[in-house]
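Below, each chain spelled out in residue letters.
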Amino acid sequence: MGTQDPGNMGTGVPASEQISCVKEDPQVYCPEETVGTKDVQVTDCKSPEDNRPQKETGCCNPEDSGQLMASYEGKAMGYQVPPFGWRICLAHEFTEKRKPFQANNVSLRNMIKHIGMGLRYLQWWYRKTQVEKKTPFIDMINSVPLRQIYGCPLGGIGGGTITRGWRGQFCRWQLNPGMYQHRTVIADQFTVCLRREGQTVYQQVLSLERPSVLRSWNWGLCGYFAFYHALYPRAWTVYQLPGQDVTLTCRQITPILPHDYQDSSLPVGVFVWDVENEGDEALDVSIMFSMRNGLGGGDDAPGGLWNEPFCLEHGGETVQGLLLHHPTLPNPYTMAVAARVTADTTVTHITAFDPDSTGQQVWQDLLQDGQLDSPAGQSTPTQKGVGIAGAVCVSSKLRPRGQCRLEFSLAWDMPRILFGAKGQVHYRRYTRFFGQDGDAAPALSHYALCRYAEWEERISAWQSPVLDDRSLPAWYKSALFNELYFLADGGTVWLEVREDSLPEELGRNMCHLCPTLRDYGRFGYLEGQEYRMYNTYDVHFYASFALIMLWPKLELSLQYDMALATLREDLTRRQYLMSGVMAPVKRRNVIPHDIGDPDDEPWLRVNAYLIHDTADWKDLNLKFVLQVYRDYYLTGDQNFLKDMWPVCLVRDAHAVTSVPGAVMESEMKFDKDHDGLIENGGYADQTYDGWVTTGPSAYCGGLWLAAVAVMVQMAALCGAQDIQDKFSSILHRGQEAYERLLWNGRYYNYDSSSQPQSRSVMSDQCAGQWFLKACGLGEGETEVFPTPHVVRALQTIFELNVQAFAGGAMGAVNGMQPHGVPDKSSVQSDEVWVGVVYGLAATMIQEGLTWEGFQTAEGCYRTVWERLGLAFQTPEAYCQQRVFRSLAYMRPLSIWAMQLALQQQQHKKASRPKVEQGTGLRTGPMFGPKEAMANVSPE
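For every chain, the first residue of the written sequence is number 1, and numbering continues from 1 onward in sequence order. Where local features are concerned, this predicted model is filtered to residues with pLDDT of at least 70; where side-chain atom pairs are given and counted, the filter is 80 or more; whole-chain, interface and lining totals use all residues. In computing side-chain values, all of the structure's heavy atoms are included and hydrogens and water are not.

Undergrad: What am I meant to see in the overall build of the protein chain here?
TA: Across its full length, the protein chain carries 21 helices and 32 strands. Per-residue accessibility, obtained with a 1.4 Å probe over protein chains only, is compared with the maximum for each type, and a residue is labelled buried under 20%, exposed over 50%, and partly exposed between these values. Among the 939 residues that make up the protein chain, the fraction classed as buried is 65%. In what follows, residue pairs with any heavy atoms lying within 4.5 Å of each other are defined as contacts. A separation threshold of at least 6 residues defines the contact pool for the protein chain, and within that pool the share at least 24 residues apart is 69%. Surface accessibility follows the Shrake-Rupley procedure with a 1.4 Å probe radius. Residue values consider only the protein chains on display as shielding. Carbon together with sulfur atoms contributes 50% to the accessible area of the protein chain, which is approximately 32,000 Å² in total. Here a strand is any run of E in DSSP of at least two residues, a helix any run of H or I of at least four, and the numbering for each starts at the N terminus.

Have a look at this one:
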């Protein structure tokens, strides 16, 4: 609209009734708010800079959206948009433009340390990309660039995801398992058409884009009159159409339902449009949903794509739409764009149009009468290099001051998948309920449109206890739910498991392995969208709180898979990039780093990570033992503990005697001086894989003592008195050594070496205590670390790592020297790791430092979501200035540990475990060592 020729724009609105919205860019046009719809004045919107509050980022009221909504000039608050969540005006521009971490961000000192690793990586990268024609599991050469555009992803867990950005663009795609395409597909849009007295008065693509294709469409929506609000798994976009007295509220719903192992797996999303007519005239409203078949890239190039209309009536409900068939190998799929037919709506469609053309035909079709022509029959399959798109339109009448609802769904059916090696065929979880034949898209669409109201009721029942809690700050309510996006959008797969694919010989030792995997499937999610490894275990240690609290059976399934991988070996030798040493891929009785690369064959070939030989890492085995006990504690699943006990303890999976072995035996060799405390090996041998640790250390030593304490509890539960006595002795000696070697009166030293960084204040030094408290241990008779020492260490971390870093507004830096300067001895010590900060905040809450915990975590949320524009791509790390690292990362799911700590506080006086309806979480003191499970030791 605006000053351009209306014939070229195709609006059909006389020039005298068009309005320009000229801001900094004179080519962006939109209507300004007016009283009526006839004699509209031409007025320029004032610059948002004029009314933007001058407020330092990170210092705003927790109940305030701050800078993100400063440019919003509309008055509409939308239809039933909740008060809590992440809210941003569509016209907002993030002023800080950071870059991904690159080699030139490494200090000269650290670069010299890693020059060998760098050269070996370049050789490996060249071979991988140029010879094997594969994408590296970590691409340090081509990091994903900053795009401050992402919103809530569509799609349940494990069926692939499609992300719709906060400005309305469909811009991130994960249909092939674990592999991402960051591409905005211009044809994928919603368009509104308003008609009064039989004439179209307004037709607008609801997008801020101004592309070079589909130029006949009316682009350039004025973002100053629209905002986006996210509270995962739902999102709302509110569009005020000034001059039209109409407000549109688009509600996006995905079935992410705690403790639901059916609907949560569905590859669907629903868009509900609530249209409010605030004027005194009746009008007709149409919403058109256009969608390209494919993404317009190489996957589409071979051609053979085709669309067809469908109509499905079942149970008195009718759904109409289009099927977009995309038969490209190796993973063909069908997309369904559909709408619900009601007594008050009319559904029409256009089967095919060229998304790379001007789009004149489809635009004029809609403009003429607010509907599409609805041709019958399927389209002709595309030729090589030719694109195809389709559109579905829903129309309804609006009374003066009235309201109507228009409902769309987007579903995709890719039932059969091959990973990058094109080896084994896998079927996604949802095929259990909708079939494996690739014809489920209509049924998925129908099911979603008929069930979404129930989904929303369940989502509200789950979220309301948190949202209604006035003691919790608004930012936390947003962070807690919005960070859950990664459980679906972390390259996640949820697969059916054929029983004949499981090793029979393990059945005697893990009796419930087969039933668990058969009933609940196999779950995998990436370490990060840029760090492409499934179920990276040292990081899952932090992220796992979300799974065990919301989908505990998936956490148990993952643990069974990890146990299987632990008992296997792969003696294929390869060179490790950091050391240059040749060593096996996987050794028996050690926890694997990860379960594999989706571009290879995960579960079959584990340990895609080849920077270090993780067989000698000090934290992986310990984290397995700690998670096993925590998972038992929070679920009360005695069968699970019985199955995991031999993996933790017995050297041979076929042995019938309980002698120290497996993961704990592998770990004991690191206690070289037999003082009850393990030593690190003088390299980065734990999750901080760029931060060297030597000798006894706060982090790994603390995890070791916590794991030993947990073994004492498990031995008691399993009636193994000899094992209980053995680990009690180790624990007593280890506690004395830990305090003597590392406690300095204010905190635990980073390590006990003679290096300058040995006295650094590590923000993660209390990780062992964190997990013990999460397991109902760590105090009273089960105290491992003296409570006064823990509290003093946390206070020191808050004083130095939090408040003395970036003005206290960016969370906790990993390492801080005792005189208040960040530790720059490594490439990771001066980073902030978001997931570690959330875990630290949980630890503070556990120890009664609740205010400090929230202050610490708030810095991360404000930095990521409000300052850096990294919503729905929370990175692993950022520095105080300039850079971030590894977008869309697993570890920040640890924010659910904060929720566990809060709930345990609330239920501390409970004497028996109980299940909360909202989370399924067991809270309060749980099974004691003599309770409920007096004799579950293996036969």
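That shown, we press on.
Undergrad: What am I meant to see in the nonpolar core here?
TA: Note that soluble globular proteins tend to have their nonpolar side chains buried in a common cluster. Residue types Ala, Val, Leu, Ile, Met, Phe, Trp, Tyr and Cys, when buried and joined through side-chain atoms within 4.5 Å, form a set referred to as a nonpolar core. With 286 residues, the main nonpolar core has Trp86, Trp273, Leu410, Phe624 and Trp896 as its most contacted residues. If one sorts the elements of this core by residue count, helix H15 (residues 698-717) sits on top with 16 residues. Counting residues in each nonpolar core, the second largest holds 17 residues, with Cys193, Leu214, Trp219 and Trp363 among its members.

Undergrad: Could you clarify how one ought to interpret unusual backbone geometry in this entry?
TA: Backbone phi values are negative for most residues with the exception of glycine, while trans is the configuration of most peptide bonds. Here Tyr232 and Pro233 are connected by a cis peptide whose omega angle stands at 15°. Tracing the chain through its elements places Pro233 in the loop between strand E9 (226-231) and strand E10 (234-241). Residue Ala888 is not a glycine yet carries a positive backbone phi of 55°. In this structure, Ala888 sits in the loop between strand E32 (883-885) and helix H21 (895-906). Using a relative accessible area of 1% as the deciding quantity, one classes Ala888 as buried.

Undergrad: How do you make sense of the environment of Ile157 when you look at a structure like this?
TA: Residue placement: Ile157 occurs in the loop between strand E3 (153-154) and strand E4 (161-164). Residues Ile157 and Gly490, 333 residues apart in the sequence, show an inter-C-alpha distance of 9.4 Å.

Undergrad: Honestly, the packing of aromatic side chains in this entry has me stumped. Any pointers?
TA: Two aromatic rings, taken as a pair, are described by how far apart their centres are and by the angle between their planes. A pair of Phe, Tyr and Trp rings is counted when the ring centres sit within 6.5 Å of each other, with Trp represented by its six-membered ring. The angle between the planes then sorts it: under 30 degrees is stacked, over 60 is edge-to-face, the rest tilted. Tallied over the full model, the rule gives 58 aromatic pairs. Ring centres of Phe545 and Phe771 lie 5.2 Å apart, and the angle between their planes is 65°; on these two criteria the pair is classed as edge-to-face. Taken together, the positions of Phe545 in helix H10 (residues 537-550) and Phe771 in helix H17 (residues 767-774) put the pair 226 residues apart, joining distant regions of the chain. Judged on exposure class, the residue Phe545 and its partner Phe771 are both buried. One aromatic cluster in this structure is built from Trp86, Tyr228, Trp475, Tyr476, Tyr485, Phe486, Phe523, Tyr525, Phe854, Tyr861, Trp865 and Phe872. Between the NZ or CZ atom of Lys477 and the centre of the ring of Phe84, over which it lies, the distance is 3.9 Å. Over the face of the ring belonging to Phe670 we find Lys618, whose NZ or CZ atom lies 4.4 Å from the ring centre. We call a charge positioned above a ring when the Lys NZ or Arg CZ atom is no farther than 6 Å from the ring centre and deviates by at most 35 degrees from the ring normal.

Undergrad: Can you walk me through the sheet that holds strand E1 (residues 86-89) in this structure?
TA: Strands belonging to one sheet form pairs held by backbone hydrogen bonds; the direction of such a pair is parallel or antiparallel. Should DSSP find at least two bridges between two strands, the strands are regarded as paired. The strand order E1-E9-E10-E11-E12-E19-E16-E15-E14 describes an open sheet built from nine strands, whose pairing is antiparallel. Every other strand in the sheet has two partners, leaving E1 and strand E14 (306-314) as the edge strands with one partner each. When the angles between neighbouring strand axes are averaged without regard to direction, this sheet yields 15°. Examined bridge by bridge, strand E12 (residues 268-277) and strand E19 (residues 403-413) share nine bridges and lie antiparallel to one another. Its bridge partner lying in E19, Trp273 is registered against Leu406. The convention used is that axes are lines fitted to C-alpha atoms, helices contributing only their stretch in contact, and that angles between N-to-C directions extend from 0 to 180 degrees. Of the strands in this sheet, E9, E10, strand E11 (246-253), E12, E14, strand E15 (317-326), strand E16 (333-341) and E19 touch helix H6 (residues 441-467), which is tilted by about 110° from E19. Docked against the sheet, helix H7 (residues 474-482) engages E1 and E9, running at close to 70° with respect to E9.

Undergrad: Sorry, what's going on with the pattern of salt bridges here?
TA: Oppositely charged side chains can form a pair if their charged atoms are brought close together. Whenever a carboxyl oxygen of Asp or Glu lies within 4 Å of a side-chain nitrogen of Lys or Arg, that contact is scored as a salt bridge. What the rule picks out here adds up to 41 salt bridges. The shortest N-O distance in the salt bridge between Asp519 and Arg518 comes to 3.5 Å. Of the residues examined, Asp519 reaches a relative accessible area of 34% and is grouped as partly exposed. Across the pair Asp561 and Arg522 runs a salt bridge, and its minimum N-O distance is 2.8 Å. With Asp561 in helix H11 (residues 552-566) and Arg522 in strand E23 (residues 522-524), the pair connects residues that are 39 residues apart, well separated along the chain. One exposure class covers both Asp561 and Arg522, and it is buried. Each of the salt bridges in this network shares a partner with another, and the network as a whole consists of Arg234, Arg251, Asp274, Arg405 and Glu456.

Undergrad: Looking at this structure, I do not really get a nonpolar patch on the surface. What am I missing?
TA: Patches were defined on residues exceeding 30% relative accessible area and lacking a salt bridge, with like-charge contacts within 9 Å and nonpolar side-chain contacts (Val, Leu, Ile, Met, Phe, Trp, Tyr) within 5 Å. On the surface, Ile115, Leu119, Leu122, Met140 and Ile141 cluster together to form a nonpolar patch covering roughly 450 Å² of accessible area. Mapped onto the fold, Leu122 is located in helix H3 (residues 115-131). We classify Leu122 as partly exposed; its relative accessible area is 44%.

Undergrad: Please clarify how the pairing of E4 should be interpreted in this entry.
TA: The side chains of a regular strand alternate, residue by residue, between the two faces of the sheet. Neither face of E4 is open: one carries Thr161 and Thr163, the other Ile162 and Arg164, and all of them are buried. Note: E3 against E4, two bridges, orientation antiparallel. Residue pairing across strands places Pro153 opposite Thr163, the latter belonging to E4. What sits between the antiparallel neighbours E3 and E4 is a turn of six residues, in which Gly155 has the positive phi angle 110°. Pairing of E4 with strand E5 (residues 170-174), which is carried by four bridges, proceeds in the antiparallel orientation. Among the inter-strand pairings, Ile162 is bridged to a residue of E5, identified as Trp173. The turn linking E4 back onto E5 is made up of five residues, and Gly168 within it adopts a positive phi angle of 100°.

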